[in-house]
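# Overview (structure and organization)
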Amino acid sequence: GAGGRTRTGTPSLAVDFESTTSANSITPASITIISQSKLFCNKIERKGLKFMKKLVLIDGNSLINRAFYATPPMSNSKGVPTNAVLSFVNMLVKLAETEKPDYLLVAYDRKEPTFRHLMYEGYKANRKAMPDDLRPQIELSKTVLDALDVAHFELAGSEADDIIGSLAGKFNVNTIIVTGDKDSFQLVDGSTTVNFTRKGITETEPYTADNFREKMSIDPLQIIDLKALMGDKSDNIPGVPGVGEKTALDLITKYGTAEGVFEHIGEIGGKLREKLENGRDMCILSKKLATIDRGVNTGMTLDKMEFSYPFPGEARELFAELEFRAILKKEGVFCEKKAANDQIDRLPEVVGIKDKAALAPLFEAPLAVSIGDNIDLSDGKKEYVVKVRQTLLDEGFSFEEAVAMLRPLFENENSDIILFSVKKTEHILDEFGISLKARVEDVSLQKYIADYTGKEETLAEAALYYHLPENAPAFSLYSMNEMLHKSLKENGQLSLYLDIELPLARVLFDMEKTGFKVDTDIIASLNEKYKEMLAALKEKIYALAGEPFNINSPKQLAAILFDKLGLYHGKKKRSSYSTSAEILEEISSDHEIVPYILQYRRISKLNSTYVEGFLPLVDKRTGIIHTVFNQTLTSTGRLSSKEPNLQNLPIRNEEGKEIRRFFVPSATDRILVGADYSQIELRLLAHFSGCGKLIEAYQNGEDIHALTASQVFGVPLSQVTKEMRQRAKAVNFGIIYGISEYGLAKNIKTTPAEAKAYIDKYFASYPHVRDYMAENVDFARKNGFVSTICGRKRYIKDINSPNYNLRSFSERAAMNMPLQGSSADIIKIAMIAVDRRLKEEKPQSHLVLQVHDELVVDAPEQDRDYVCALLKKEMEGAVSLRVPLAVDAYFGKNLSEAK
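Residue numbering note: each chain is counted from 1, following its sequence as written. Two thresholds apply to this predicted model, a pLDDT of at least 70 for residue-level local features and 80 or more for giving and counting side-chain atom pairs, whereas whole-chain, interface and lining totals are computed over all residues. The side-chain figures draw on all heavy atoms in the structure; neither hydrogens nor water molecules are used.

Further remarks concern the overall build of the chain. In DSSP terms, a helix is any run of H or I states spanning at least four residues, a strand is any run of E spanning at least two, and both are numbered starting from the N terminus. Check the secondary structure of the chain and you find 37 helices and 24 strands. By principal-axis analysis of the C-alpha atoms, the chain measures approximately 105 × 75 × 55 Å. Looking at the 899 residues of the chain, the share that counts as buried comes to 53%. Here, two residues are considered to be in contact whenever any of their heavy atoms come within 4.5 Å of each other. Considering only residue pairs separated by 6 or more positions, the chain has 67% of its internal contacts joining residues 24 or more positions apart. Using a 1.4 Å probe, the Shrake-Rupley method yields the accessible areas, and only the shown protein chains count as cover for residues. When the accessible surface of the chain is summed, it comes to about 41200 Å², and 50% of that surface belongs to carbon and sulfur atoms. Three exposure classes are used, based on accessible area relative to the maximum for each residue type with a 1.4 Å probe and protein chains only: buried under 20%, partly exposed in between, and exposed over 50%.

At least two DSSP bridges between two strands are needed for those strands to be called paired. In the sheet, strand β8 (residues 367-371) pairs with strand β11 (residues 416-419) via two bridges, with the strands oriented parallel. Bridge pairing in β11 links Leu367 to Ile417. Here four bridges tie β11 to strand β12 (residues 439-442), and the two strands are oriented parallel to one another. Note on β12: the bridge partner recorded for Asp416 is Arg439. Crossovers are marked right-handed if the path from the first strand over the helix to the second runs clockwise, as seen with the strands pointing away from the viewer. Viewed along the sheet, the connection from β11 through helix α18 (residues 422-431) into β12 turns out right-handed.

What follows covers helix α21 (residues 473-490). With 18 residues, α21 ought to run about 26 Å at 1.5 Å a step, and its terminal C-alpha atoms sit 25 Å apart, in line with that. When α21 is considered as a whole, its buried residues turn out to be Pro473, Ala474, Phe475, Ser476, Leu477, Tyr478, Ser479, Met480, Asn481, Leu484, His485 and Leu488. One fewer than the residue count of a helix, multiplied by 1.5 Å, yields its expected span.

Across the chain, each position has a pLDDT score giving the predictor's confidence in that residue, from 0 to 100. On average, residues of the chain score 88 in pLDDT, and 92% of them reach the 70 mark or higher. The low-confidence segment residues 1-47 (pLDDT under 50) makes 89 contacts with residues lying over four places distant or belonging to another chain. Contacts of residues 337-345 to residues separated by more than four positions or lying in other chains number 17 contacts, the stretch itself having pLDDT below 50.

Note on definitions: salt bridges are taken to be side-chain nitrogens of Lys or Arg within 4 Å of carboxyl oxygens of Asp or Glu. This structure, assessed with the given rule, holds 58 salt bridges. Between Glu323 and Arg325 there is a salt bridge; the shortest N-O distance is 3.7 Å. Each member of the pair, Glu323 as well as Arg325, is classed as buried. Put simply, Arg110, Glu112, Glu139, Lys142 and Glu154 are held in one network by salt bridges that share partners.

By definition, the strands of a sheet pair up through backbone hydrogen bonds, in either a parallel or an antiparallel sense. In space, the six strands of this open sheet follow the order β3-β2-β1-β4-β5-β6, with mixed pairing throughout. Two strands lie at the open edges of the sheet, namely β3 (151-153) and β6 (203-207), each paired on one side alone. Taken pair by pair, the neighbouring strands of this sheet meet at an average axis angle of 25°, ignoring direction. Summarising the sheet, strand β2 (residues 103-107) and β3 pair through three bridges and their orientation is parallel. Along β3, the bridge assignment pairs Leu105 with Ala151. Packing of helix α2 (residues 60-70) onto the sheet brings it into contact with β1 (54-59), β2, β4 (174-179) and β5 (192-199), and relative to β1 it is tilted by some 60°. Angular values range over 0 to 180 degrees, each being the angle between N-to-C directions of two axes fitted as lines to C-alpha atoms, with helices fitted over their stretch in contact. Helix α3 (residues 83-98) rests against β1, β2 and β4 of the sheet, and its axis sits at about 165° to β1.

It is worth spelling out the packing of helix α31 (residues 722-736) against helix α33 (residues 752-765) at this point. Here α31 crosses α33 at 70°, and the two axes come no closer than 11 Å. On the basis of their axis angle, the class for α31 and α33 is roughly perpendicular. Contact residues: α31 offers Arg727, Val731, Asn732 and Ile735, while α33 offers Glu754, Tyr758, Ile759, Tyr762 and Phe763. By residue class, the composition of the contact of α31 with α33 is six nonpolar, one polar and two charged. Small angles under 35 degrees read as roughly parallel and large ones over 145 as roughly antiparallel, with 65 to 115 read as roughly perpendicular and the rest as oblique. Only Asp, Glu, Lys and Arg are considered charged in this grouping, and only Ala, Val, Leu, Ile, Met, Phe, Trp, Tyr, Cys and Pro are considered nonpolar; every other residue, Gly among them, is considered polar.

Take the packing of aromatic side chains next. Only Phe, Tyr and Trp rings are paired, with Trp represented by its six-membered ring, and only when their centres lie within 6.5 Å; those with planes under 30 degrees apart are stacked, over 60 edge-to-face, the remainder tilted. For the coordinates displayed, the defined rule picks out 25 aromatic pairs. The interplanar angle of 85° and the centroid separation of 6.0 Å between the aromatic rings of Phe614 and Phe663 together place this pair among those described as edge-to-face. Of the two residues, Phe614 is situated in the loop between α26 (593-611) and β16 (624-625) and Phe663 in the loop between α27 (654-661) and β19 (670-677); the sequence distance between them amounts to 49 residues. Each member of the pair, Phe614 together with Phe663, is buried. With a centroid separation of 6.0 Å and 5° between ring planes, the pair formed by Phe688 and Tyr772 is classed as stacked. Within this pair, whereas Phe688 is found in helix α28 (residues 680-689), its partner Tyr772 is found in helix α34 (residues 767-783), the two being separated by 84 residues in sequence.

Looking now at unusual backbone geometry. In this structure, Pro310 follows Tyr309 across a cis peptide bond, with omega equal to 10°. Position of Pro310 among the secondary structure elements: in the loop between α12 (280-290) and α13 (315-322). The residue after Glu643, namely Pro644, is reached through a cis peptide bond having omega 0°. Within the secondary structure, Pro644 is located in the loop between β18 (640-642) and α27. Unusually for a residue other than glycine, Asn236 sits at a positive phi of about 60°. A positive phi angle, near 50°, is found at Gln679, a position not held by glycine. Mapped onto the elements, Gln679 comes out in the loop between β19 and α28.

Turning next to the sheet that holds strand β22 (residues 846-851). Read across the sheet, four strands follow the order β22-β23-β19-β24 without closing on themselves; strand pairing throughout is antiparallel. Each edge of the open sheet is held by one strand with a lone partner, namely β22 and β24 (887-892). Averaged over neighbouring strand pairs, the angle between their axes works out to 20° when direction is ignored. For β22 and strand β23 (residues 854-860), the ladder comprises five bridges, and the chain directions are antiparallel. Residue pairing in the sheet places Leu847 in a bridge with Val857 of β23. Relative to the sheet, helix α36 (residues 864-876) contacts β19, β23 and β24, its axis offset from that of β19 by approximately 20°.

Working definition of a nonpolar core: buried Ala, Val, Leu, Ile, Met, Phe, Trp, Tyr and Cys residues. They are joined through side-chain atoms within 4.5 Å. One finds Phe663, Tyr677, Tyr762, Val769, Leu849 and Leu871 to be the most contacted residues of the largest nonpolar core, which totals 116 residues. Examining the composition of this core, we find that twelve residues originate from one element, helix α35 (residues 804-841), more than from any other. Setting aside its immediate chain neighbours within four residues, Leu849 contacts Met511, Phe516, Phe629, Leu646, Glu854, Leu855, Val856 and Leu895.

Before going further, it helps to spend a moment on the environment of Arg670. With respect to the helices and strands, Arg670 occurs in strand β19. Arg670 sits 223 residues away from Lys893 along the chain, and the two C-alpha atoms are 7.8 Å apart. Excluding its chain neighbours within four sequence positions, the residues that come into contact with Arg670 are Pro665, Gln844, Ser845, His846, Asp858, Ala859, Pro860, Glu861 and Lys893. At 2.5 Å, the side chain of Arg670 and the backbone oxygen of Gln844 are in polar contact. N or O atoms within 3.5 Å of each other form a polar contact, as long as, within protein, one can give a hydrogen and the other can take it, and as long as residues adjacent in sequence are counted only when both atoms are side-chain atoms.

Definitions used throughout: a 1 Å grid over protein atoms alone; a cavity as a set of points that fits a 1.4 Å probe which cannot get out; a pocket as an open set with protein on both sides within 12 Å along at least five of seven lines; a lining residue as one with an atom within 4 Å of a point. Grid points are joined across faces, edges and corners, and a volume is the space filled by probe spheres set on the points. Applying the stated criterion to the full structure yields seven cavities of 30 Å³ or more. Its boundaries defined by the atoms lining it, the largest cavity holds a volume of some 240 Å³. Along the walls of the largest cavity sit 20 residues, with Ser444, Leu445, Glu456, Glu457 and Thr632 positioned nearest its centre. Every element with two or more residues in the lining of the largest cavity is listed here: α18, α19 (443-450) and β17 (628-630). Considering every element that reaches the lining of the largest cavity, the biggest residue donor is α19, with four residues. Residues that form the lining of the largest cavity fall into these classes: six nonpolar, six polar and eight charged.

Pasting the structure below:
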């Protein structure tokens, strides 16, 4: 019998697995009987027992372990590791949708020893300890299963395989086993299929009674005999010493079973016979260890394993806490019933707006407005929909008509409007000649400050985050605004939103609309120059290599450098050696081809990114590039730029200067005026740490890098050399970012020991800085976040992680964020002040660029000095610190000339 299902045949061929629940009940004799009965059983199994219903059995430990290694590290904002569980849940969803099981159970191992450990002390002894970030995810997966109302089972003394084996074939159902463990192959029969995970855990390969022999060359039960002979490294099953997989497979194919091999031992000659005779006892033991115990008394019935999909709506609450947003967003995963603490318990009444007259009464109260496929409005009670015609056959208004209907609302200074993104809405309205003059709220900015998620979100994604209806966008906007306003007020962040981020959105809109003029003739000329340089470099590289090849192919380049030219290759990466810039820099003096390759890469990147990459983004009518400033993307509060990224223009080498040369004023009688903060993060470090030496140095206008060099190298200021100052500068900025001795050593090209000595001397000279950094880390450990000068919070989710790399990264973030984030706050304050004064005093001058600590204005040439002074005054006066803020102003006819 197998799994409680009786098969016809002679009594001598049957084993009562239901009674074999202990280690002693699986005897060598019973294993022999199993093997001898194999061929008979397979005749029955080949018939293919087909049932109406389906049971899925999942090896929980196997799949979660595979998921952990197949998915990049991930955790929610509270620092709970989630990557394995997320992948596991995705697998469940896919299973539910593709297999549609009627019953499902996840089986787990337990930490207690099993009967196999009692048989053989070395069983699984070579297994590595479970990673720190995986261990809690095993229990978390069970919590998730409970929320999804999915059955799971574990039993002390038994493995997941034994639980699965005892349930497979026990009921009149078709069974699918999902696992990454080949031990379960022995369970394949006419009604049991093993879906073996191949890539991650969502892609599986089915092993059935019909295809098993074709795939494995043996029958399912012979898997036990195969492992008895060859062993199993993953479980540390010894097998017969010296017998590998090929030999074992040949023996099983010829003699059927392990016992059959020993019955015909006389036919086997040479060293193999000697190995088999010497390893007979190990073979018998290994067969016991490899045999799944199909007699575990689980107490599980089909009723207890009933599976329903979609999953219960109550599970949304847990998934929101774990931040599984993609699954929450996926349609059909959850029942419509919502979690107990959802923001709404019903959808608002939806009212269709047929004409402009129906809108007028609404304009008197605060309204949330969502501009999408339709235009939705809400007063917090109802959803009003202005239907937009998508095709000529659709009912509704044209988009232009729909927006025009709202003109009185947008242009009324006494209106109160809630938008998801003020800046994006302004761009839409601007296309129709409408100015946004109303008082506005920006929900995306409020959510960024209160619940930063690390990505730019849509209204639908934000609504999903707060369990609000996606199909009532304006109602959701209204609800989010109320909720987030309250949250910001309670957390002391309302001023950060109202006084900095919200007014800045209007400034950024103007900057994006104004854009930055570029000289397309210079771009075209530079493109031709770079193409000629690349062609010449290519010919030199080919000549030195002795053959043409694809320089951009790491594999072909590695073959030339390391195989053909025999250069030092460093560590092998997968199938070939690395050709990273770091490796090439190391070997640049070993062969003259390498510097040419580095130069080729540099020119190729400059051309593709800043020349050919910029040209399609230039407005052909005006010659202006309109970048987009992201206000809600970074964890520190810094702005970022895209389409194109103007915050990453090269500056240090001659090629970089050439690229900056094609950024010019918008007319020939205008000039670029810029200003940037001098060492703002180091000044903030002096302010926050209260370090007397640093504060005094900045108040006296001393060279901080020379001062640090004097302290670190123990020489008078007058004896500080240029090299000493350069190294001290690297130490100063390295300290801000929590750099290690290894990182500093790499930066200044010295040994880690020497770099450590520099860091130690720095902290000995400035002990208040060391204490301040330690206090930041301690605060983050206790509170989960650190703050900037304006109350912006960054949640440091992995600060208490047992994973050293994650924890170290979080500690560095805790040290640096108050400095980098405060720097971002300060320049935002300055931008708002500069923009206001320019509009009032010099309306022909416009802010066109912000690059972290730097502002650039496009101004009439006659206003140059005025704008320089304005920038310097507003930037230096943005906040009051213990040390003065210093700003360097500059100007020029292009960005390269200016700076």
